[in-house]
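Read off the chains here:
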Amino acid sequence: MTGRTFKPDDVSGTPFLFFTGKGGVGKTSTASATAVALADSGKRVLLVSTDPASNLQDVFGMELTNEPQAVDGIQNLFACNLDPEEAARTYRDSVVGPYRGKLPEAVVNQMEEQLSGACTVEIAAFDEFTKLLADERVMDDYDHILFDTAPTGHTLRLLKLPTAWSGFLDESTHGASCLGPLAGLDAKKDLYAKTVHALSDPNQTTLILVARPDTASFKEAARASHELQTIGIENQVLILNGVYSPVQNEDHISQAFAQQHQQALKEMPAHLQTLPVYSLPFVAFPLTGITNLRRLFTEPEWRPDALNTDQMPTELAGLKDMVDHYSAQNTRVILTMGKGGVGKTTVASLLAVGLVEKGHSVHLTTTDPAAHLADRFGESGNDRLTVSRIDPQLEVESYQAQVMEAAGPMDDEARAYLEEDLRSPCTEEIAVFRAFAEVVAKADNEIVIIDTAPTGHTLLLLDATQTYHKELERSTGEIPKSVQNLLPRLRNPKETDVLLVTLPEATPVFEAARLQQDLKRAGIQAENWVINQSLAGTGTTEALLQAKAQSEWPWIHKVGSALAERTALIPWQAQDSIGYDKMRQLVTN
């Protein structure tokens with residue numbers, strides 16, 4: 001089920017368009033191309049990114065701020081990049097500032113700690129685009145406002161709870177909401193309520209779920225769709241992005257590529273099939289720059305007039321070379337990081353198998369709620385390999401029970417609010433943090449490989465180490481030794497290496513490069529890269545896939561020559577390698 005080809009007119013009936021989906025599915029490129037097409041049709045359009053790892057500036061090749069500015073070369077199109085981290089800092093200052101000098105310093109410090117997590121980033125971003133949705137003057141200026149990344153169900157549910165506007169938590173042992181002291185929220189009650197109403201009004205808002213034709217992407221789209229429907233956002237459509245149509249040729253890569261997409265489409269969740277479904281084709285050109293953004297809807301079959309195969313790489317190091325490096329260096333902790341959807345779990349698993357085959361004892365784990373490492377290995381394996389999963393649900397349940405017990409007796413409304421507050425991203429990160437530290441401590445006796453969650457979550461987890469020290473001390477009365485030792489170990493390049501995983505495309509390379517710089521500022525080195533799922537490494541002869549392979553080469557060259565000390569390339573695989581024996585073949589040959 002692919003539906004008909006998507007055209008911007010399909011969603012032009014509402015002023016607010018929200019694009020959401022799993023990392024790497026093409027939300028930004030789809031939103032950008034839609035914005036360009038609407039502007040070209042004469043509509044006045046504002047494109048807004050609220051993604052913590054936004055690459056909107058990469059798509060248009062211009063620096064963006066939180067103030068709308070005209071996009072060069074396109075009349076009627078304006079863009080802005082609402083930096084959630086900067087918004088969070090401003091939000092913290094606005095909430096805490098009035099209490100400085102009036103409350104004891106210890107109380108002010110506690111407020112700042114409570115505003116240090118993901119929820120604050122979330123509500124700060126919501127606060128920023130609330131100004132756009134609720135300001136009638138803004139709507140007078142634009143026919144459409146497109147948002148790259150929708151608000152989460154958690155934020156919207158929390159703001160709809162009537163208890164969020166009461167003051168009961170002022171005396172609670174849990175303290176203020178992770179969204180801030182409730183007095184700060186109360187001041188914006190009417191504004192937030194108006195915004196939430198606009199989001200659930202089908203005459204004002206369309207939610208556009210973007211998915212690739214793969215199981216993980218469909219699963220995330222179905223989850224987001226259901227969660228947002230339960231809070232009243234019913235006007236939803238699904239765009240299947242990058243669908244490769246079957247072609248009649250003898251190229252086995254082309255045949256496998258088409259079969260992979262068709263199989264995923266057959267297994268699309270039933271819930272998604274109830275939505276209006278549209279599709280966008282697989283294209284060979286990068287979706288950056290105005291010319292290529294326009295091509296998506298006007299000439300999607302475009303490809304180079306002639307392929308310059310002389311530019312294609314002939315000899316590239318494989319993952320086996322990276323395994324040899326880690327084995328020789330005796331690296332104790334390896335974290336795979338990168339944009340969502342680049343294959344961090346696959347790379348972490350292959351590394352683990354390769355190092356076990358070199359004679360090392362390895363513990364492989366994940367902090368990604370969507371990863372299932374045990375399923376990858378089945379029953380076969382090796383005695384020197386242990387596999388675990390830091391289960392966020394179990395860790396959160398334990399932490400929630402602890403907080404609820406500390407809060408003491410409360411009425412039903414107060415309990416409902418606190419329970420919702422404890423379903424926040426902040427709660428999950430605090431709960432997972434202790435388990436994360438305990439796993440890293442295993443490096444005393446074995447190599448620890450951690451398949452991390454997507455970039456934003458991981459950075460917060462690492463950067464907020466000292467904050468979590470204090471949070472754990474307050475909730476448990478002590479700081480475990482594993483937590484005390486965590487950051488020094490992560491910052492020691494003789495013990496720890498961050499392996500950046502990317503695809504040979506603009507967006508994941510740019511994002512991994514930004515992550516590399518962020519880690520460097522945090523004192524953590526990340527100089528080794530893996531380029532995953534490369535068509536350039538397959539030898540495909542089908543024209544469209546070969547054109548796509550050629551478009552990868554500049555990014556492969558950029559990583560190898562300018563960003564990485566050591567690079568490994570993994571060719572596109574028709575099927576993910578499942579089972580120890582299959583992974584061993586890939587990483588040892």
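Cut-offs and rules
- Residues numbered from 1 in each chain as written.
- Predicted model: local features only at pLDDT ≥ 70, side-chain atom pairs only at ≥ 80, totals over all residues.
- Heavy atoms only, no water.
- Helix = DSSP H or I, 4+ residues; strand = E, 2+ residues; numbered from the N terminus.
- Buried < 20%, exposed > 50% of the residue type's maximum accessible area, 1.4 Å probe, protein only.
- Contact = heavy atoms within 4.5 Å.
- Areas by Shrake-Rupley, 256 points an atom, 1.4 Å probe, with all protein chains shown as cover.
- Pairing = 2+ DSSP bridges.
- Salt bridge = Lys/Arg side-chain N within 4 Å of Asp/Glu carboxyl O.
- Axes fitted to C-alpha atoms, helices over the stretch in contact; angles between N-to-C directions.
- Parallel < 35°, antiparallel > 145°, perpendicular 65-115°, else oblique.
- Polar contact = N/O pair within 3.5 Å; in protein donor to acceptor, adjacent residues only side chain to side chain.
- Arc of directions from axis to C-beta.
- Phe/Tyr/Trp six-rings, centres within 6.5 Å; stacked < 30°, edge-to-face > 60°.

**Overview of the overall build of the chain**
And step 1. Each helix and strand in the chain was counted, giving 25 helices and 16 strands.
And step 2. Expressed as a percentage of its 589 residues, the buried residues of the chain come to 55%.
And step 3. Considering only residue pairs separated by 6 or more positions, the chain has 78% of its internal contacts joining residues 24 or more positions apart.
And step 4. With the model as given, the accessible surface of the chain reaches about 24,800 Å², and the carbon-plus-sulfur share is 47%.

**Brief notes about helix H13 (residues 290-298)**
And step 1. Looking at H13, one finds that the buried residues are Asn292, Leu293, Arg295, Leu296 and Phe297.
And step 2. On its buried face, H13 sits against helix H1 (27-40), helix H2 (56-60) and strand E9 (277-281).

**Some remarks on the pairing of strand E11 (residues 362-366)**
And step 1. Within E11, five of the five residues are buried, which leaves the element mostly enclosed by the surrounding structure.
And step 2. With burial as the criterion, each face of E11 is covered, one bearing Val362, Leu364 and Thr366 and the other bearing His363 and Thr365.
And step 3. Relative to strand E12 (residues 385-387), E11 runs parallel, the two sharing three bridges. Considered in E12, the bridge of Val362 is made with Leu385.

**Here we look at the pattern of salt bridges**
And step 1. Under the criterion given, the structure shown has 15 salt bridges.
And step 2. One salt bridge connects Glu227 with Arg223, and the closest N-O pair in it is separated by 3.1 Å. You can see Glu227 and its partner Arg223 sitting in helix H10 (residues 215-229), four residues apart, about one turn around the helix.
And step 3. In this structure, the salt-bridge partner of Asp581 is Arg584, at a minimum N-O distance of 3.2 Å. Linking Asp581 with Arg584, this pair stays in helix H25 (residues 580-588), spanning three residues, or about one helical turn.

**A look at the packing of helix H15 (residues 344-357) against H25**
And step 1. For the pair H15 and H25, the least separation of the axes is 9 Å and the interaxial angle reads 80°. Looking at the two axes, H15 sits roughly perpendicular to H25. Facing Ser349, Leu350, Val353, Gly354, Val356 and Glu357 of H15, the residues of H25 in contact are Tyr580, Met583, Arg584, Leu586, Val587 and Thr588.

**Concerning the side chain of Lys344**
And step 1. Mapped onto the secondary structure, Lys344 falls in helix H15.
And step 2. On the basis of relative accessibility, which here comes to 6%, the residue Lys344 falls in the buried class.
And step 3. Polar side-chain contacts of Lys344 include one of 3.4 Å to the backbone oxygen of Lys339.

**Topic: H25**
And step 1. Listed in full, the buried residues belonging to H25 are Tyr580, Met583 and Val587. In an axial view of H25, the angular spread of the buried residues amounts to 65°, which keeps them on one side of the axis. For H25, exposure combined with an orientation more than 90 degrees from the buried face picks out Lys582 and Gln585.

**Points about the sheet that holds strand E10 (residues 333-337)**
And step 1. One open sheet accounts for seven strands, arranged E12-E11-E13-E10-E14-E15-E16; its pairing is parallel. Of all strands in the sheet, those with a lone pairing partner are E12 and strand E16 (566-571), marking the two edges. For this sheet, the mean inter-axis angle between neighbouring strands, taken without regard to orientation, is 20°.
And step 2. Strands in contact with helix H23 (residues 506-521) are E10, strand E14 (496-502) and strand E15 (528-534); relative to E14, the strand with the most contacts, it is inclined by about 160°.
And step 3. This element, helix H24 (residues 543-563), spans E15 and E16 of the sheet and lies at about 170° to E15.

**Structural notes on the packing of aromatic side chains**
And step 1. Taken as a whole and assessed by the stated rule, the structure comprises nine aromatic pairs.
And step 2. Taking the centre distance of 5.8 Å and the plane angle of 70° together, the rings of Phe78 and Tyr142 count as edge-to-face. One end of the pair, Phe78, is in strand E5 (residues 77-81); the other, Tyr142, is in the loop between helix H6 (136-141) and strand E6 (144-148), with 64 residues separating them in the sequence.
And step 3. Tyr142 sits in the buried class, given a relative accessible area of 10%.
And step 4. Ring plane angle 70° and centroid distance 5.4 Å describe the contact between Phe510 and Trp555, whose orientation is recorded as edge-to-face. One end of the pair, Phe510, is in helix H23; the other, Trp555, is in helix H24, and 45 residues separate them in sequence.
And step 5. Ring pairs connect the aromatic residues Tyr244, Phe257, Phe282 and Trp572, which therefore count as one cluster.

**Details of the pairing of E10**
Regular strands have side chains that alternate between both faces of the sheet.
And step 1. Buried residues dominate E10, accounting for five of its five residues.
And step 2. The alternating pattern of E10 places Val333, Leu335 and Met337 on one face and Ile334 and Thr336 on the opposite face, and all of these are buried.
And step 3. With four bridges connecting them, E10 and strand E13 (residues 447-451) associate as parallel partners. Pairing of Thr336 across the sheet is with Asp451, part of E13.

**Concerning unusual backbone geometry**
And step 1. For Asn76, which is not a glycine, the phi torsion comes out positive at approximately 80°.
And step 2. Residue placement: Asn76 occurs in the loop between strand E4 (69-70) and E5.
And step 3. Even without being a glycine, Asn330 presents a positive backbone phi close to 55°.
And step 4. As for its position among the elements, Asn330 is in the loop between helix H14 (319-329) and E10.

These figures come from the coordinates and say nothing about function on their own.
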